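Observations on chain architecture
Below are the chains, spelled out letter by letter.
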Amino acid sequence: MSRRLEEEKVFKDPVHHSIYVQDQTIWKLINTPEFQRLRRIRQLGTTYLTFHGAEHSRFSHSLGVYEITRKIISQFERNRYLDWPQEENLVCLCAALLHDIGHGPFSHSIEQVFGNDHEKWSCDIILGDTNINRILKEVGDDFPERVAAVIRKDYDKQIVISLVSSQMDADRMDYLLRDAYFTGVHYGTFDLDRILRVLRPFQGRIVVKESGMHAVEDYLMSRYQMYWQVYFHPVTRSSEIVLRQIFRRAKELFQSGYRFAFLLPQLRQLFEGTLTVESYLAVDEAMVQTTFGQWTKERDELLADLCSRFLNRRLYKYISLDQRDDALIERLRGEWAEVGLHPEYHLEADTPVDLPYDVYKPGAEPDGAEKPPILLLDSKERLTEISVKSDIIRSITGLHRGQYYLYYPADEVSKKAPALKPETRELFGI
Ligand code: NI
């Protein structure tokens, strides 16, 4: 059983003003080393190299998702909606708080190179030999498994999953507002209070009262803006490419038997694929950046150069193409090799198409997972999918704008300019 705290705890928060903790289990979870570690992991990875304010952590985001979930549940209870299963309150709050517990430093880049999966780490941390697991077990023996099931999205009550993960879940609502606040952009905001008021549990799912349609339009427009202005920003993509290349190069060197002058045991385990939960929890951004600092002195010039680029923000420049052009990339790689540039590292094609791009789609997700559509509930208790009624949402539904970029180290390429073909020089404007 979980008990209420004698006195509620309040966190000040720039997005929600105050975050209220009333439950002992939540309070204890926040105070575990596993959760405190999220303070040392930035929410937006390398975005701070583009928007210098984006230093906010996964800790603040996780508290924010918890707070939005708490507000939604509290609204359901105040309105005495019978469709809301009250016995699920605590599992919802815990899953909201812990949904990102498995994120490591710069996790998207590390995941791409090493094939780790933060959702799997989340479940390993919740179910493994950790403080978090012990605290959840105090509620009930099967409680850790229930929280993990919500995060894995295979919990037996869909309505619980949809609070934490859906087209309009607590996770997305918090990160859109928080990322907009910390990057300093103005177009990412929407009226959260209004949205929270118009949500309703109805026949096993969460729907929106029809009067709230315009608030939802605003939310989806903000998502659209944030994707293009922040998440897909070409300079951020450039910093991710440099970061990914660092991991790729290090892995390549490790596999070829290269002896690093500096390599912490946890990173060795990452390369070997033998990371335990305990070592995974020790890897934070400070560790990764210290390593990069040491690696600027490595014998391998490519690795040293990439680390120095990342730390000192000498990122790759980019040119944009009208369309994906594999033949062009192939030709350039050949030319790079001829003039002494690295064909694999000094040219990288990038298309945001690889990313899970969906402003809103009433149907399957690009990764095949089902995300139920946003449904409007009218006064006669009829449900309608929102893009049927909203012109604005219909116009951005399923939109897929292609953008193709070629990234390259402008300084290195310019040095080779005299040896490059005239059409290549023209392409890169050198
Ligand atoms: Ni999240």
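Details of the structure are given in the entry above.
Calculation rules
- Chains are numbered independently. Their residues run from 1 in the order of the written sequence.
- Restriction of local features to residues with pLDDT of at least 70 applies here, the model being predicted, together with a cutoff of 80 or more for giving and counting side-chain atom pairs; totals for whole chains, interfaces and linings are based on all residues.
- Only heavy atoms go into the side-chain values, all of them from the structure, while hydrogens and water stay out.
- If DSSP finds at least two bridges between two strands, the strands pair.
- A run of H or I in DSSP becomes a helix once it reaches four residues, and a run of E becomes a strand once it reaches two; helices and strands are each numbered from the N terminus.
- To obtain each axis, a line is fitted to C-alpha atoms, and for helices this fit is confined to the stretch in contact; angles are then taken between N-to-C directions over 0 to 180 degrees.
- In what follows, roughly perpendicular refers to angles from 65 to 115 degrees, roughly parallel to angles under 35, roughly antiparallel to angles over 145, and oblique to any angle outside these ranges.
- Here a residue-residue contact requires only that any non-hydrogen atoms of the pair lie within 4.5 Å.
- Charged residues are taken to be Asp, Glu, Lys and Arg, nonpolar residues to be Ala, Val, Leu, Ile, Met, Phe, Trp, Tyr, Cys and Pro, and polar residues to be all remaining types, Gly included.
- Metal-coordinating donors are taken as N, O and S atoms lying within 2.8 Å of the metal, or within 3.2 Å when the metal is Na, K or Ca; because water is left out, some sites can appear incomplete.
- Donor angles set the geometry label: tetrahedral for four donors if every angle is between 85 and 135 degrees, square planar for four and octahedral for six if opposite donors exceed 155 degrees and the others are between 65 and 115, irregular for anything else.
- Only protein chains enter the accessibility calculation, which uses a 1.4 Å probe; a residue is then buried when its area is under 20% of its type maximum, exposed when over 50%, and partly exposed in between.

**Quick look at the sheet that holds strand β6 (residues 348-350)**
Spatially, the three strands line up as an open sheet ordered β5-β11-β6, and their pairing is antiparallel. Each edge of the open sheet is held by one strand with a lone partner, namely β5 (317-321) and β6. When the angles between neighbouring strand axes are averaged without regard to direction, this sheet yields 25°. Taken together, the three bridges between β6 and strand β11 (residues 404-408) define a ladder with antiparallel strand orientation. Bridging across to β11, Ala 349 finds its partner in Leu 406.

**Details of the packing of helix α6 (residues 118-127) against helix α7 (residues 131-139)**
What describes two packed helices is the angle between their axes and the distance between those same axes. The geometry of α6 relative to α7 is characterised by a closest axis approach of 6 Å and an angle of 60° between their N-to-C directions. For the element pair α6 / α7, the angle class is oblique. Along the contact surface, α6 presents Ile 125, Ile 126 and Leu 127, while α7 presents Ile 132, Asn 133 and Leu 136. Residues belonging to the contact of α6 with α7 are distributed by class as follows: five nonpolar, one polar and no charged.

**Notes on the coordination of the nickel ion**
Distances from the nickel ion to its protein donors, His 61 (NE2), His 99 (NE2), Asp 100 (OD) and Asp 171 (OD), fall within 2.2 to 2.3 Å. Around the nickel ion, the four donor atoms are arranged such that angles at the metal cover 79 to 168°; this shape is classified as irregular. All donors of the nickel ion come from a single chain, and their spacing in sequence reads H-x37-H-D-x70-D. Placement of Asp 100 in the loop between α4 (89-98) and α5 (107-114) and of Asp 171 in helix α10 (residues 170-183) is noted, with a sequence separation of 71 residues between them. For Asp 100, a relative accessible area of 7% gives the class buried. Residue Asp 171 is classed as buried on the basis of its relative accessible area, which comes to 16%.

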